[in-house]
Amino acid sequence: MNEISLALFKNNQLLSILITCFIVAGVITLGFKVLKKSFKSDIFSILLITSLYAVVSLWQLGGHAAPTTWWQPQDDKEFITFEVMDENPAFDAIYAIGGEGDNNALESGYQIGFDNLQVLGSNDNENWEIIAILYENSYMAWEVIPGEWNYRYISLVSQDTTMVLNEFGVKKAGEDTFLTLNPITISNPDNPYLATNVIDEQNTIPITPTYMNETYFDEIYHPRNAWEIVNGQDMYASVHPLLGTSIISLGISIFGMNPFGWRIMGALFGIMILPLFYLLTKKLFNNRFLSIVGTTLFASDFMLITTSRIGTLEPFSIFFIILMTYFMVCYIKEDFVKSSFKKQLIYLAASGISMGIACSIKWTGCYAAVGLAVLFFAHFIYHTTMYFKLKQKTDPASLDYVKNYRSKALKIILWCCLFFVLVPATIYVCSFIPTRVWKNDTWSIANVIKHSVGMYDYHAKLQATHPYQSVWWQWLFDIRPIWYYLKDFGNGTMQTISCFNNPLISIAGVISMVVTAIHTFKTKSSTGFIILVGFLAALLPWVLVTRCVFAYHYYPSIPFLILAIVYTAQLIIKKYNSGEKMIVVYVALCIFLFILFMPVLTGFTTESGYVRLLQWLPSWYFGG
């Protein structure tokens, strides 16, 4: 089926995905029919959209097997010698992967990867020659060195005590299997980190490594830190708050230290973003059709699927940014006078807690928090202005308003000091407790502050450049995607992963944001104001940032960009009799583009020529 799918759709997984989606949609529809539930309910819409997206998001997310044991030398020049047990010892490729070892065993420094690891060959176990040197490797990514060798004995010689080797193998010449290696000499048999660990998981070595069985892009950082949290290890580095990393560690705890384990939590949070966004859209527009439109657009935006299928922090950050916005919108939509004080406090408390979690995952949550403050104070100032207008009036409605304002206003401000200052600060400092980010020291508020200052200095002083970096204004028009991953199979097919937006959503979003701004200015729409504030709070800080940034930094703005499209769609529907049909056509085109670009968003195998066809702009490069 994969070959048929590749030939028909230039995506070797699309046919299987479509069949699965058809079955899932049928089961959901049949279930609602049997239960005699309405197909026009919000639950049906949410379940259908979310389930169909989940099929794609979880499809070939990552492999379940990866080497978990390791060898870390305790002495310089420590070595292990293997005898090749096969009758024919010829091999044509060397495979090695390095992860992280026992950092806690070192007084200083960290036990990560391998560098300058020598591979020697001999046919008599006396005369040796270097056949390969394994230089610095990416964390949990396979290094494959092709060649032609024929040696009965193979020796690995370390050059320092900070290296780690998880697995080593040599592939039989001309075959897709590995030679059997038997350790015959171990220079340090008392080493508790057994040298034999490098050959105890040969079944995890892939003949052709892909994203399914190794890290790519920023997975060399976040899953590593998550593994350190799981295993109580001193942490090698951290340039972000660690709550999101702790969430990743839950997946590793359940499913193991493998690609599926370090990606599953992000995928699940990406899936959960959709029902949450549906609720936010429904709260803002109170319209099921528009909620379906907004959620379907979010599901078909490229950024959601790509960032959810890689072990990084974005899915968690965006989820809680939307959640804190949702609860603030719930508070704003409540009648300030007639709504119960307790109910208002619950919404504010939930918003503040969500804000604290968002900021403890990634500092982009702090940008969104500024928008949250603008919304709260705009709402409060409005009612304060109303109070001063009505305080001199004597009609019952005015007296009731004034009375309620006086009883609530100061209390709300005081409670918000708790909800939006003390609670988030507490969540932030406590999120570091499960970690060992301070080598030879322990958690304390002072250490959290010191570490946070260090994180700020890192980002403020970062001078690094990247071939796929971009600037904020390029994000608006999808000018510079970031290319994450490539595996060229050499037969005209490849796997590639890039991160950017659905072009139809980007362009329509910018136009819609302008329309929303103009209409909000004219009508004083609170919904339009919420959308504008959320978008600008997420985007404007990046205008001032001078360090190297990427397309995915635009992601926190995307929910509000889509809400602007929904806002404009509402205006179109009101103005034109065929407005709904126009919107349906637009959404269908966005879904079509999602399917069209799916191979370069997910890593599903495609053809090189097809990838080149998708490189619509000179600044777009996906490996074709």
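This text follows the structure it describes.
Each value, and the rule that gives it
- Residues numbered from 1 in each chain as written.
- Predicted model: local features only at pLDDT ≥ 70, side-chain atom pairs only at ≥ 80, totals over all residues.
- Heavy atoms only, no water.
- Helix = DSSP H or I, 4+ residues; strand = E, 2+ residues; numbered from the N terminus.
- Buried < 20%, exposed > 50% of the residue type's maximum accessible area, 1.4 Å probe, protein only.
- Areas by Shrake-Rupley, 256 points an atom, 1.4 Å probe, with all protein chains shown as cover.
- Lys, Arg positive; Asp, Glu negative; His and termini not counted.
- Charge placed at Lys NZ, Arg CZ, Asp CG, Glu CD.
- Pairing = 2+ DSSP bridges.
- Axes fitted to C-alpha atoms, helices over the stretch in contact; angles between N-to-C directions.
- Salt bridge = Lys/Arg side-chain N within 4 Å of Asp/Glu carboxyl O.
- Contact = heavy atoms within 4.5 Å.
- Expected span 1.5 Å × (residues − 1).

S.K.: Please explain the overall build of the protein chain as it appears in this structure.
M.R.: Along the protein chain, the regular secondary structure elements total 19 helices and 11 strands. Along the longest, intermediate and shortest principal axes, the C-alpha atoms of the protein chain span 105 × 60 × 50 Å. Taken across its 624 residues, the protein chain has 58% of its residues classed as buried. Of the roughly 26,500 Å² of accessible surface on the protein chain, 63% is carried by carbon and sulfur atoms. Of the side chains in the protein chain, 40 bear a positive and 43 a negative charge, and the two mean positions are spaced by 28 Å.

S.K.: How should I be thinking about the sheet that holds strand β7 (residues 167-172) in this particular structure?
M.R.: Hydrogen bonds between backbone atoms are what pair the strands of a sheet, whose relative direction is either parallel or antiparallel. Ordered in space as β5-β2-β7, the 3 strands form an open sheet in which the pairing is antiparallel. Of all the strands in the sheet, just β5 (143-150) and β7 have a single pairing partner and so form its edges. Across this sheet, the average inter-strand angle for adjacent strands is 25°, counted without regard to direction. With 6 bridges connecting them, strand β2 (residues 90-97) and β7 associate as antiparallel partners. Within β7, the position partnered with Ile 97 by the bridge is Glu 167.

S.K.: Teacher, can you tell me more about the side chain of Glu 143 here?
M.R.: Of note, Glu 143 is situated in strand β5. As a buried residue without a salt bridge, Glu 143 has its nearest oppositely charged side chain in Lys 487, at a separation of 12 Å. Setting aside its immediate chain neighbours within four residues, Glu 143 contacts Ile 94, Tyr 95, Ala 96, Phe 114, Leu 134, Tyr 135 and Asn 137.

S.K.: How should I be thinking about unusual backbone geometry in this particular structure?
M.R.: Trans is the prevailing form of peptide bonds, just as negative phi is the prevailing case for residues other than glycine. Its identity is not glycine, yet Lys 77 carries a phi of approximately 65°, on the positive side. Inspection of the secondary structure puts Lys 77 in the loop between α3 (42-58) and β1 (79-84). A positive phi angle is found at Asp 478, which is not glycine, with a value near 60°. Mapped onto the elements, Asp 478 comes out in the loop between α14 (472-476) and β9 (482-488). Judged by its relative accessible area of 5%, Asp 478 is buried.

S.K.: Is there a simple way to explain helix α17 (residues 558-575) in this structure?
M.R.: Given 3.6 residues per turn, any residue in an α-helix points the same way as the ones three and four places further on. For α17, which comprises 18 residues, the first-to-last C-alpha distance of 26 Å matches the rise-based estimate of 26 Å (1.5 Å per residue) to within 8%. For α17, a buried count of 13 out of 18 residues is recorded, marking the element as mostly surrounded by other parts of the structure.

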